[in-house]
Amino acid sequence: ALGLSGMAGHAAAQQALEPNSFEEITTYNNFYEFGTGKDDPAENAGAMETADWTVTIDGLVDNPGSYPLSELIGGLTEEERIYRLRCVEAWSMVVPWVGIELKDVLDRLGVQPGARYVAFETAVIPEVMPGVRRGVLDFPYVEGLRLDEAMHPLTILATGLYDRPLPNQNGAPIRLVVPWKYGFKSIKSLVRISLVEEEPRTTWNVLAPSEYGFYANVNPNVDHPRWSQATERRIGGGLFSSRQDTLMYNGYDEVAALYDGMDLEAQF
Amino acid sequence: MARPLTPAQRINGVLRRVPAWPLYLLGAAWAAFLFWQGLTGRLGVEPINALEREYGDTALKLIVAGLAVTPLLRFTRVSLIKFRRAIGLLAFFFVLAHFSVWALLDVQSLERVWADILKRPYVTVGMLAFLGLIPLALTSNDLSVRRLGRKWRSLHKLVYPVAVLGAVHYLWLAKGFQIEPLVYLGLILGLLATRIRWRGLRIGRRAEA
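Residues numbered from 1 in each chain as written. Chains lettered and ligands numbered in written order. Predicted model: local features only at pLDDT ≥ 70, side-chain atom pairs only at ≥ 80, totals over all residues. Heavy atoms only, no water.

## Let's talk about the overall build of chain A
How we decide: Comment: elements are numbered from the N terminus, with helices defined as DSSP H or I runs of at least four residues and strands as E runs of at least two. Our radius of gyration is a C-alpha quantity, and the globule rule it is checked against amounts to 2.2 Å times the number of residues to the power 0.38. Using a 1.4 Å probe on the protein chains alone, a residue whose accessible area is under 20% of its type maximum counts as buried, one over 50% counts as exposed, and one in between counts as partly exposed. By the convention used here, residues are in contact when the closest approach between their heavy atoms is within 4.5 Å. To be clear on the numbers: accessible area is Shrake-Rupley with a 1.4 Å probe, and residue cover counts the displayed protein chains and nothing else. Charge counting treats Lys and Arg as positive and Asp and Glu as negative, with His and both chain ends excluded. For charged residues, the charge sits on one atom: NZ in Lys, CZ in Arg, CG in Asp, CD in Glu.
When its secondary structure is counted, chain A shows 8 helices and 12 strands. For chain A, the C-alpha radius of gyration of 18 Å lies close to 18 Å, the compact-globule estimate for 268 residues. Projected onto its principal axes, the C-alpha coordinates of chain A cover approximately 45 × 40 × 40 Å. Buried residues in chain A amount to 56% of all 268 residues. Restricting to contacts in chain A with at least 6 residues of sequence separation, those with at least 24 account for 70%. Summed over all atoms, the accessible surface of chain A reaches about 11,100 Å², with 52% contributed by carbon and sulfur. With 21 positive and 38 negative side-chain charges, chain A shows a spacing of 3 Å between the two charge centroids.

So, in structure tokens, the structure goes:
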């Protein structure tokens, strides 16, 4: 009975999620390759060509290689996932993604026994990326997950938003979405997925290790050194919108078991 | 026959006929316009942070403008001195607006405002800049200028550290390598540098001669 009521509660929480509007989701973005302003990606990302996209798969996999997108994910089951998105900057949205489970892709590629982490890399196309030309960050943007995090059923590769293909500013044509971690973990416009043995470098962690950890799980009890993470502001409430409490793991408690025995203040 | 007027003298002649008070109206109108934009969705889908930034950005621009008055006079003989009080007071009011949006609309709790001031260095620095402007705003009337005499000049040099703190505040809150806060810091440090008497430079000149 306990389990059932728990599931019912979770389902209710899911149903209560009212997605943000398409306009809100596509005009308020962090995608520093296209500029640091929230409206820069919507303004600048249109010039990125995503038609013949290939993703390089390397490292400890049975089937490495450079895959056209259709080959990488073709035939896998796409589904809509309405997820909360909590940015490390203390704002949040609800996004109706369309995507596939990362696990399905990894299973297709054949993860070798020695692999313990998955490393991801974003495209670098200076001609169409003003933020890259200005050197805002040390590009290419790189991110990583522990293999069990990557294999978790909540972790998806998104290719769409509402019923449309993913807009460029949201990370077209394919991006990672890990809903229980701060948004910067959900790396956009993927060009490389590597199965590796060691914990990979991640862009924000390298830039400011005291501010951005490798795990970056949403956690109201561990503040960012420059601001509190206890509350967040949901985008779309206008000038007088009030803050709401941030939930542990962004409300996705089912991932808690991944971190059993870890000190979440030290490994934030 | 009178010597022909220099361009600077001609500009000053025109400026003499322009009153300073419309600047206050312009400032108030700009602040109200930004607020209206935030209210009606014209500052994007997250207007609180956007309005906070717009007010802070305007304040920094006014501080740079205020600091530029003296060097402009020295290097071009164009005098904007009569507008400087309005520029400075408007800078204070935009900092006040910036602080108010942050405290009332963004953080929304006095307890957390206080915690942030103590705990977050970039907030502390911004707060110090704000506090530094308060005595300047309070003494920016003719009576105070007369009463304080020479002390008034010394007191108002407080705007130098305030300007630097303001730029550092902006730089500190930015993520990654961003140009804008560095431009403000550079401009402010440059304008302050024009006020240093470069003894070294004069020695250099003598050596040349």
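## Some remarks on the UniProt feature "domain: Oxidoreductase molybdopterin-binding" (unreviewed entry) in chain A
Rules: UniProt positions are given in the numbering used here, feature names are shortened, and annotations may be inferred rather than shown by experiment.
UniProt tags residues 48–204 of chain A as "domain: Oxidoreductase molybdopterin-binding" (unreviewed entry). Annotation note: span residues 48–204 of chain A, helix share 15%, strand share 37%, distance between end C-alpha atoms 23 Å.

## Here's the deal with the nonpolar core
This is how it is decided: The nonpolar core is taken to be a set of buried Ala, Val, Leu, Ile, Met, Phe, Trp, Tyr and Cys residues, with the residues joined through side-chain atoms within 4.5 Å.
Core analysis: the largest hydrophobic core is formed by 82 residues, its most contacted members being A:L72, A:W97, A:F120, A:W180 and A:Y259. Per element, the largest residue contribution to this core is 6 residues, and it comes from strand β4 (residues 91–101) of chain A. Beyond its immediate stretch of four places on either side in the chain, A:Y259 contacts A:R146, A:E149, A:W180, A:K181, A:Y215, A:N217, A:Y249 and A:L264. Counting residues in each nonpolar core, the second largest holds 52 residues, with B:A20, B:I87, B:V95 and B:Y184 among its members.

## Quick look at the UniProt feature "binding site: Mo-molybdopterin" (unreviewed entry) in chain A
All names here are of chain A. Look at the UniProt record and you will see "binding site: Mo-molybdopterin" (unreviewed entry) annotated at N29, Y32, E33, C87, T122, N170, R175, S186, I187 and K188. Here C87 lies in the loop between β3 (79–86) and β4. With a relative accessible area of 7%, C87 lands in the buried category. Once residues within four sequence positions are removed from consideration, C87 is found in contact with N30, Y182 and G183. Positionally, S186 belongs in the loop between β9 (175–177) and β10 (190–196). A relative accessible area of 4% means that S186 is categorised as buried. If we ignore the near neighbours within four places in the chain, the residues touching S186 are R175, L176, V177 and V178.

## Describing the pairing of β10(A)
All names here are of chain A. Just so we agree on the cut-off: We call two strands paired when DSSP finds no fewer than two bridges between them.
In terms of strand pairing, strand β1 (residues 54–59) meets β10 through 4 bridges, oriented parallel. Bridge pairing links D58 to S194 in β10. For strand β5 (residues 117–122) and β10, the ladder comprises 6 bridges, and the chain directions are antiparallel. Residue pairing across strands places T122 opposite L190, the latter belonging to β10.

## Side note on the interface of chain B and chain A
The line we're drawing: Summed over both partners, the accessible area (1.4 Å probe) lost when two parts come together is defined as the buried area. Salt bridges, as used here, are contacts in which a Lys or Arg side-chain nitrogen is within 4 Å of a carboxyl oxygen on Asp or Glu. In the analysis that follows, any N or O atom pair within 3.5 Å is treated as a polar contact, provided that within protein one partner can donate a hydrogen and the other can accept it, and provided that, for residues neighboring in sequence, both atoms belong to side chains. Polar here means any residue other than Ala, Val, Leu, Ile, Met, Phe, Trp, Tyr, Cys and Pro, which are nonpolar, and Asp, Glu, Lys and Arg, which are charged; Gly is therefore polar.
In this complex, chain B contributes 25 residues to the contact, which on the side of chain A involves 31 residues. Here chain B packs against chain A, burying approximately 2,300 Å² in sum over the two surfaces, 56% of which is carbon and sulfur. Residue B:D106 pairs with A:R233 through a salt bridge whose shortest N-O separation is 3.2 Å. On the surface where chain B and chain A come into contact, there are 13 residue pairs in polar contact (both at pLDDT 80 or more). At 4 residues, the largest contribution of residues to the side of chain B that touches chain A is made by helix α3 (residues 47–76) of chain B. The class makeup of the residues in the side of chain B that touches chain A is 14 nonpolar, 5 polar and 6 charged.

## A closer look at the UniProt feature "domain: Ferric oxidoreductase" (unreviewed entry) in chain B
Look at the UniProt record and you will see "domain: Ferric oxidoreductase" (unreviewed entry) annotated at residues 69–166 of chain B. A helix fraction of 87% and a strand fraction of 0% characterise residues 69–166 of chain B, whose end C-alpha atoms lie 18 Å from each other.

## Description of the pattern of salt bridges
Summed over all chains, the structure comprises 21 salt bridges over all chains. Between B:K175 and A:E89 there is a salt bridge whose closest N-O contact spans 3.0 Å. Pair noted here: B:K175 is in the loop between α9 (159–173) and α10 (179–193) and A:E89 is in the loop between β3 and β4, and the two residues belong to different chains. For B:K175, a relative accessible area of 8% corresponds to the buried category. Overlapping salt bridges, with partners in common, bring together A:D223, B:D116, B:K119 and B:R120 in one network.

## Things to note about a nonpolar patch on the surface
Residues and elements named next belong to chain B. We count it as follows: Here the term patch refers to residues with relative accessible area over 30% and no salt bridge, with like charges joined within 9 Å and nonpolar side chains (Val, Leu, Ile, Met, Phe, Trp, Tyr) within 5 Å.
Nonpolar side chains collect at one region of the surface, where L171, F177, I179, L182, V183 and L187 lie side by side and expose about 470 Å² of accessible area between them. Tallying contributions element by element places α10 first for the nonpolar patch, with 4 residues. Within the secondary structure, L182 is located in helix α10.

## Remarks on the confidence of the model for chain A
Selection rule: Scored from 0 to 100, pLDDT reflects the predictor's confidence in each residue.
Per-residue pLDDT for chain A has a mean of 93; in total, 94% of the residues score no lower than 70. Low pLDDT, under 50, characterises residues 1–12 of chain A; the stretch is placed with 1 contact to residues that sit more than four places away or in other chains.

## A look at the pairing of strand β7 (residues 156–161) of chain A
All names here are of chain A. In terms of burial, β7 is a largely internal element, 6 of the 6 residues being buried. In this sheet, β9 lies alongside β7 in antiparallel orientation, the contact comprising 3 bridges. Looking at β9, one finds that L157 is bridged to L176. Bridge count between β7 and strand β8 (residues 164–165): 2 bridges; the pairing is antiparallel. From the neighbouring strand, L161 faces β8, where its bridge partner is R164.

## A closer look at the packing of helix α6 (residues 121–138) of chain B against α9(B)
Residues and elements named next belong to chain B. Basically, it comes down to this: For helices, the fitted axis covers only the stretch in contact; all axes are lines through C-alpha atoms, and the angles between them, taken along N-to-C directions, range from 0 to 180 degrees. Geometric relationships in this document are graded by angle, where less than 35 degrees denotes roughly parallel, more than 145 denotes roughly antiparallel, 65 to 115 denotes roughly perpendicular, and other angles denote oblique. Crossing handedness: left-handed means the near helix sits turned counterclockwise from the far one by under a right angle, and right-handed means the same turn made clockwise.
Interhelical geometry of α6 versus α9 gives an angle of 155° and a closest axis separation of 8 Å. With respect to each other, α6 and α9 are oriented roughly antiparallel. Here α6 and α9 pass one another in a crossing that is left-handed. Seen from α6, the contacting residues are P121, Y122, V125, G126, L128, A129, G132, L133 and L136; seen from α9, they are V159, V162, L165, G166, V168, H169, W172 and L173.

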